[in-house]
Amino acid sequence: MSNSYRWIDEALTAIHRANWYRSPKSLVGRADAVMQLDGKSVINFASNDYLGLAGDERLIQAAIAATQKYGTGSTGSRLITGHRELHQDLERAIAQLKQTEDAIVFSSGYLANLGTIAALVGKRDLILSDQYNHSSLRNGAILSGATLRDYAHCNVGNVREILQQQRDRHRRCLILTDSIFSMDGDLCPLPQLLDLADEFDSMLLVDDAHATGVLGVNGSGSIEHFGCTGRSIIQMGTLSKALGSLGGYVAGSASLIDFLRNRAASWIYTTGLSPADTAAALAAIRVIAQDRDSRRECFTNRRETLWQNVNWLKQTLVQTLNNHNSRIPYTLLPSHSPILCLQVDRPSTVLQIGHTLLQQGLFVSAIRPPTVPTSRLRITLMATHQPAQLAQLVESLHRIFS
Ligand SMILES: *Cc1c(COP(=O)(O)O)cnc(C)c1O
């Protein structure tokens, strides 16, 4: 390579030196709570497949049937040749799950955020964004060209301050927040943010990527969890986490969705979601709806099992790990979700712990800067984790920390 590209190797060297270097690992086998890594069986505590649906036979069969019927690709953008009845069925099912008038499906959650934010606001407008928001919200905000102000994490006082100072100087205003914060596991103060949005004539977009299928009695997400159904809000989310497929969505009023179909560039100028992904996501929403209908018959549904696992692990970690005379100082970050984080002091520490756990057959993500400000072990739970698997994790963590 000529000199113009030498900086790339230098940058890589710097990334290595900071212990920030990352590379993908190949997991082998069908998506599940137990998979193969480097020829070894590992219990998977790093997946976003909260309900264990990505390897579910019903989703797999739906994807196969849709591929047989429609082929592998959707062959074009939705407004040209890429629209199928299947897309419409999925959008209706999402709107029903979310209790909104309509919904629109993007090729990924990332694209949903980029396209939606850039369509809703521009140079004359103001965006308020939680400092720990997902990368797709941040980059959507930057792409829009609006004035971007970060507020302190979950700090409604700070949101009010910024609105008081700056709202009047801008045309439209959009507040952006994750509902469940993806790398922390805590929850945004949604009702208070909604009140502030009303008071200051602002829009609010909530990113339910980790909450859809997880929060709320019907698995609808954060709006249902907080009892805010029916209030004016833009809900986005992904089909790729608890729904076990691929793709993203926005749900809201009929006019909002109609507007996005005409203005969201990341929807208009990209190929429609593949038939297999579309059908799998639709099957996942049907499983969630079935779980809801069977609740009365004392069936334990997947969401209930997931929360049993979450509550057991949280409680047991607090009881088992003793923060005061721990060999390695750590903080169990506040969580209201299947994401539990143990924060430690250095990237090298978290890497070492991740490595030790892996040797013991436990796959847990070591999350480091620049993804997050502080290094942490990020444990994610699934409905399909067995009690003995959770106990094994606790035992290993106990050995490492005390
Ligand atoms: C994963 C994630 C996204 C992106 O969704 P994809 O469908 O994976 O592109 C957006 N927001 C948050 C909070 C996420 O965790």
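These lines cover the structure that appears in this document, whether it is placed above or below. (Residues numbered from 1 in each chain as written. Predicted model: local features only at pLDDT ≥ 70, side-chain atom pairs only at ≥ 80, totals over all residues. Heavy atoms only, no water.)

Quick word on a nonpolar patch on the surface
And step 1. Taken together, the side chains of Tyr5, Trp7, Ile8, Leu12, Ile15, Trp20 and Tyr21 define a hydrophobic patch exposed on the protein surface, amounting to about 660 Å² of accessible area.
And step 2. Mapped onto the secondary structure, Leu12 falls in helix α1 (residues 6-17).
And step 3. A relative accessible area of 34% means that Leu12 is categorised as partly exposed. (Patch = residues over 30% accessible without salt bridge, like charges linked within 9 Å, V, L, I, M, F, W, Y side chains within 5 Å. Areas by Shrake-Rupley, 256 points an atom, 1.4 Å probe, with all protein chains shown as cover. Salt bridge = Lys/Arg side-chain N within 4 Å of Asp/Glu carboxyl O. Helix = DSSP H or I, 4+ residues; strand = E, 2+ residues; numbered from the N terminus. Buried < 20%, exposed > 50% of the residue type's maximum accessible area, 1.4 Å probe, protein only.)

Description of the nonpolar core
And step 1. Among the nonpolar cores identified, the biggest contains 64 residues, and Ile379, Leu397 and Phe401 are the most heavily contacted of them.
And step 2. A per-element tally of this core places helix α11 (residues 275-293) first, with 9 residues.
And step 3. Two domains each donate at least three residues to this core, and these are domain 1 (28-54 + 300-401) and domain 2 (57-293).
And step 4. Judged by nonpolar contacts, the second largest core, of 23 residues, contains Ala119, Ala146, Leu174 and Trp267. (Core = buried A, V, L, I, M, F, W, Y, C linked by side-chain atoms within 4.5 Å. Domains from an automatic or database assignment.)

Considerations on unusual backbone geometry
With the exception of glycine, the majority of residues adopt a negative phi angle, and the majority of peptide bonds are in the trans configuration.
And step 1. The step from Pro369 to Pro370 runs through a cis peptide bond, and the omega angle for that step is 10°.
And step 2. Looking at the element boundaries, Pro370 is found in the loop between β14 (365-367) and β15 (376-380).
And step 3. Its identity as a non-glycine residue notwithstanding, Asn19 has a phi of 60°, on the positive side.
And step 4. By relative accessible area, which is 31% here, Asn19 ends up partly exposed.
And step 5. With a phi close to 70°, Thr75 is a non-glycine residue in the positive phi region.

Considering the layout of surface pockets
And step 1. Taken as a whole, the largest pocket encloses approximately 1000 Å³ of empty space.
And step 2. Taken together, 41 residues line the largest pocket, and the ones lying closest to its centre are Arg22, Lys25, Ser365, Ala366 and Ile367.
And step 3. Among the elements of the structure, α4 (109-120), β9 (234-238), α13 (347-359), β13 (362-363) and β14 are those that each provide at least two residues to the lining of the largest pocket.
And step 4. When residues of the lining of the largest pocket are assigned to their parent elements, the largest contribution, 5 residues, is made by α13.
And step 5. The residue inventory of the lining of the largest pocket, partitioned by class, reads 17 nonpolar, 17 polar and 7 charged.
And step 6. Here the lining of the largest pocket gathers at least three residues from each of two domains, domain 1 (28-54 + 300-401) and domain 2 (57-293).
And step 7. Estimated volume of the second largest pocket: approximately 320 Å³.
And step 8. Around the second largest pocket, the lining comprises 22 residues; the ones closest to its centre are Arg231, Ser232, Ile233, Ile234 and Ser253.
And step 9. Contributions of two or more residues to the lining of the second largest pocket are made by α7 (190-199), β8 (203-207), β9 and α9 (254-263).
And step 10. Per-element tally for the lining of the second largest pocket: the top contributor is α7, with 3 residues.
And step 11. Tallied by class, the residues present in the lining of the second largest pocket amount to 8 nonpolar, 10 polar and 4 charged. (1 Å grid on protein atoms, 1.4 Å probe; cavity = no way out; pocket = protein on both sides within 12 Å on 5 of 7 lines; lining within 4 Å. Points joined across faces, edges and corners; volume = space filled by probe spheres on them. Nonpolar A, V, L, I, M, F, W, Y, C, P; charged D, E, K, R; others polar.)

Describing the packing of α4 against helix α5 (residues 135-144)
And step 1. Here α4 crosses α5 at 30°, and the two axes come no closer than 8 Å. One finds that α4 runs roughly parallel with respect to α5. Every pair of crossing elements has a handedness; the one defined by α4 and α5 is right-handed. Of the residues in α5, those in contact with Tyr110, Asn113, Leu114, Ile117 and Ala118 of α4 are Ser135, Ser136, Leu137, Asn139, Gly140, Ala141, Leu143 and Ser144. (Axes fitted to C-alpha atoms, helices over the stretch in contact; angles between N-to-C directions. Parallel < 35°, antiparallel > 145°, perpendicular 65-115°, else oblique. Left-handed = near helix turned anticlockwise from the far one by under 90°. Contact = heavy atoms within 4.5 Å.)

Quick notes on the sheet that holds strand β7 (residues 173-178)
And step 1. Taken together, 7 strands build an open sheet; the order of strands is β4-β10-β9-β8-β7-β5-β6 and the sheet is mixed. Both outer strands of the open sheet, β4 (102-106) and β6 (147-151), are each paired with one neighbouring strand and no more. Each strand axis lies, on average, 20° off the axis of its neighbour in the sheet, ignoring direction.
And step 2. Relative to β8, β7 is paired through 5 bridges, and the arrangement is parallel. Across the sheet, residue Leu174 finds its bridge partner in β8, namely Met203.
And step 3. The strands touched by helix α6 (residues 156-166) are β5 (126-130), β6 and β7; relative to β6, the strand with the most contacts, the crossing angle is about 150°. (Pairing = 2+ DSSP bridges.)

Quick notes on the pattern of salt bridges
And step 1. One pass over the structure, following the stated rule, counts 17 salt bridges.
And step 2. Asp56 is paired through a salt bridge with Arg302; the nearest N and O atoms lie 2.9 Å apart. Of this pair, Asp56 sits in the loop between β3 (40-44) and α2 (57-70) while Arg302 is found in helix α12 (residues 302-320), placing the two residues 246 residues apart along the sequence.
And step 3. Notably, a salt bridge pairs Asp345 with Arg346, separated by 3.9 Å at the nearest N-O pair.

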